[in-house]
Amino acid sequence: MQRQMTMADSRAFVHLFFMDGVGLGGADPALNPFVTARLPNLAALLGPDWFLAGRSRISTPRASLAPTDAILGMPGRPQSATGQATILTGRNVPALVGEHYGPKPNEAVAAVIREGTLFSEVVAASHTATLVTPYPEGYFQAVASGRRLLSAVPLAARSAGLPLMDADDLRAGRAVSPDFTGQGWRDFLGYGDMPVLTLSEAGERIATTAAQFAFSFFEHWPTDQIGHRGSLEEAVAHLEAIDTVLGALLAAWDDTRGLLIITSDHGNLEEKAHRQHTRNPVPTILVGRDHAAHAATIQHLTDIAPVVRRALGLAEPAYAEQFE
């Protein structure tokens with residue numbers, strides 16, 4: 001028996017699946033782990049070789065890919081703080097503060113974030129929002145003592161009045177660990193009782209959680225860490241794990257209501273000949289509701305926040321500036 005759709009069921013929602021440090025790279029398998037990684041779910045979604053720089057936009061019946069400029073007219077290599085702040089505000093934050101800056105926000109970047117982000121805009125519109133990624137107790141203690149700065153995404157959530165997820169949220173199934181399974185909480189953080197998910201269960205949980213909020217954000221930073229410190233083989237294995245997670249997420253995704261946005265702040269993982277960020281474009285993948293129309297508007301990181309606003313019917317804020 002088919003359940004009758006309620007008003008709440010028909011509302012659009014947006015999930016931003018953020019992968020730190022992932023760009024579109026070259027075709028050399030000795031440099032780019034995407035070339036040899038087995039990524040059946042992303043290949044089925046976008047076709048072969050979708051991960052290569054220099055190719056045009058991709059549009060399939062279910063998804064679109066827009067190569068996205070992270071340089072934003074500024075010299076130097078894009079950095080996490082300004083890139084993430086740009087994604088969350090639609091503002092050219094490197095230009096506003098005079099440089100690409102990171103990894104954590106300095107006072108100039110933090111001030112831009114505190115002026116408003118997608119999190120605060122959604123809350124102001126009386127919609128629901130959440131940062132799906134949890135943090136251990138030691139993280140909160142370090143921030144409170146001043147020994148650690150909030151990175152751009154949790155700073156944006158907190159500035160909107162949203163609580164950050166913690167170990168209790170992870171245990172209860174309200175959050176998903178940055179490592180997807182939660183095994184790292186047991187192995188490195190001392191949480192011996194933490195439930196461990198399979199990669200597929202993690203993807204399903206992200207999809208289920210996203211459907212409960214107008215706007216949700218999952219922050220996955222291990223991609224950037226492996227880009228800086230890991231081997232080519234580790235990068236290949238990690239990409240294959242991400243593909244498994246995304247396969248389960250896509251299988252559980254409601255295309256009629258939900259817009260899934262997968263993107264990054266700068267390149268890194270796609271060039272393993274060095275351990276630095278790159279100036280390569282990043283992939284912005286859109287799945288589900290009106291994906292092709294939204295993807296057609298994306299050229300720069302500044303274009304992602306306006307897509308979220310249009311999808312959720314949010315007004316363009318006075319502080320929003322488009323990249324010229």
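The model shown is predicted, which means the values in this text are computed figures rather than measured ones.

A. Structural detail: the packing of aromatic side chains. A complete count under the given rule lists 14 aromatic pairs for this structure. Relative to Phe-217, the ring of Phe-18 lies with its centre 5.8 Å away and its plane at 35°, an arrangement referred to as tilted. One end of the pair, Phe-18, is in strand 1 (residues 13–19); the other, Phe-217, is in strand 5 (residues 215–220), with 199 residues separating them in the sequence. Plain terms: the ring middles of Phe-180 and Phe-218 are 5.8 Å apart, the flat faces sit at 25° to each other, and that makes the pair stacked. Within this pair, whereas Phe-180 is found in the loop between helix 9 (167–171) and helix 10 (183–187), its partner Phe-218 is found in strand 5, the two being separated by 38 residues in sequence.

B. Seen up close, helix 3 (residues 80–89). In terms of burial, helix 3 is largely enclosed, as 10 of its 10 residues are buried. Every buried residue of helix 3 is accounted for by Ser-80, Ala-81, Thr-82, Gly-83, Gln-84, Ala-85, Thr-86, Ile-87, Leu-88 and Thr-89. In the segment just after helix 3, Gly-90 is the residue with positive phi, at about 80°.

C. Region of the structure containing the packing of helix 3 against helix 8 (residues 152–159). Packing of helix 3 against helix 8 leaves a shortest axis separation of 9 Å and a crossing angle of 40°. When the interaxial angle is binned, helix 3 and helix 8 end up oblique. In this structure, helix 3 contributes Ala-81, Gln-84, Ala-85 and Leu-88 to the contact, and helix 8 contributes Ala-152, Val-153 and Ala-156. Partitioned by chemical class, the residues of the contact of helix 3 with helix 8 number six nonpolar, one polar and no charged.

Rules used throughout
Residues numbered from 1 in each chain as written. Predicted model: local features only at pLDDT ≥ 70, side-chain atom pairs only at ≥ 80, totals over all residues. Heavy atoms only, no water. Phe/Tyr/Trp six-rings, centres within 6.5 Å; stacked < 30°, edge-to-face > 60°. Helix = DSSP H or I, 4+ residues; strand = E, 2+ residues; numbered from the N terminus. Buried < 20%, exposed > 50% of the residue type's maximum accessible area, 1.4 Å probe, protein only. Axes fitted to C-alpha atoms, helices over the stretch in contact; angles between N-to-C directions. Parallel < 35°, antiparallel > 145°, perpendicular 65-115°, else oblique. Contact = heavy atoms within 4.5 Å. Nonpolar A, V, L, I, M, F, W, Y, C, P; charged D, E, K, R; others polar.

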